[in-house]
Amino acid sequence: MYGIGEVEVRRFRSYESFLYQVINLDRPESEIEPLRVHLKESAMTAAVEAERERVAREKMEGFGFTTPPGKGFDREKAFREMIAARQHRLRVIESKFNRTLVGDITKLEGEELTDFIAQCNFSEDFLYETDLVTILEAVNRNMAAYQAERDSTHSTNRPKQQGK
């Protein structure tokens, strides 16, 4: 469990304004900086992809690929469907790869668990499309590499004993 400080809730004029604020959130440097950078890049990629889809849809509407008059494209319904599909995708991923499951398998906790999950660096597509057994095998392979790296780091950081 993590405690948080004061929270300020406010409205944004648009989704783009919200996205800009999230992407450009000023956070202090931490050990999970690479994860934050990865998330920022993922958010930017998603925004660019959404914009491309919007432009393509508008171009298709311009060429007459629209629904018959009186039955216009319901953008709100399409947005709700997109959000529902996204939430379903995230629920599927969460059921196969989450802190509790990874912690139970690896016996890691806290920052160490966070570092290990960040090191796994599984793509969202991999987690969504791959079966649970394959994901667990990948977690075990990553754990072996993580332990080997951790062991080598600990052995090189030990102070040398002086002989008499």
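Structure: above.
Residues numbered from 1 in each chain as written. Predicted model: local features only at pLDDT ≥ 70, side-chain atom pairs only at ≥ 80, totals over all residues. Heavy atoms only, no water.

## With respect to the packing of aromatic side chains
Thinking step 1. Enumeration according to the criterion identifies three aromatic pairs in this entry.
Thinking step 2. Taking 5.4 Å as the distance between ring centres and 75° as the angle between the ring planes, the aromatic pair formed by Phe116 and Tyr146 counts as edge-to-face. Here Phe116, found in helix α5 (residues 110–120), pairs with Tyr146, found in helix α7 (residues 132–157); they are 30 residues apart in sequence, far enough to count as distant. The pair formed by Phe116 and Tyr146 is uniform in burial state, with each residue classed as buried.
Thinking step 3. Between the aromatic rings of Phe122 and Phe126, the centroid separation amounts to 5.2 Å while the plane-to-plane angle is 45°, which identifies the pairing as tilted.
Thinking step 4. Phe126 gets classed as partly exposed once you look at its relative accessible area, which sits at 26%.
Thinking step 5. An aromatic cluster is built from Phe97, Phe122 and Phe126, whose rings are joined through pairwise contacts.
Thinking step 6. Of note, Arg89 hangs over the ring of Tyr128, and the distance from its end group to the ring centre comes to 4.5 Å. (Phe/Tyr/Trp six-rings, centres within 6.5 Å; stacked < 30°, edge-to-face > 60°. Helix = DSSP H or I, 4+ residues; strand = E, 2+ residues; numbered from the N terminus. Buried < 20%, exposed > 50% of the residue type's maximum accessible area, 1.4 Å probe, protein only. Lys NZ or Arg CZ within 6 Å of the ring centre and 35° of its normal.)

## As for the side chain of Thr130
Thinking step 1. Turning to its location among the elements, Thr130 is positioned in the loop between α6 (124–129) and α7.
Thinking step 2. There is a polar contact of 2.6 Å between the side chain of Thr130 and the backbone oxygen of Phe126.
Thinking step 3. Excluding its chain neighbours within four sequence positions, the residues that come into contact with Thr130 are Lys96 and Ile135. (Polar contact = N/O pair within 3.5 Å; in protein donor to acceptor, adjacent residues only side chain to side chain. Contact = heavy atoms within 4.5 Å.)

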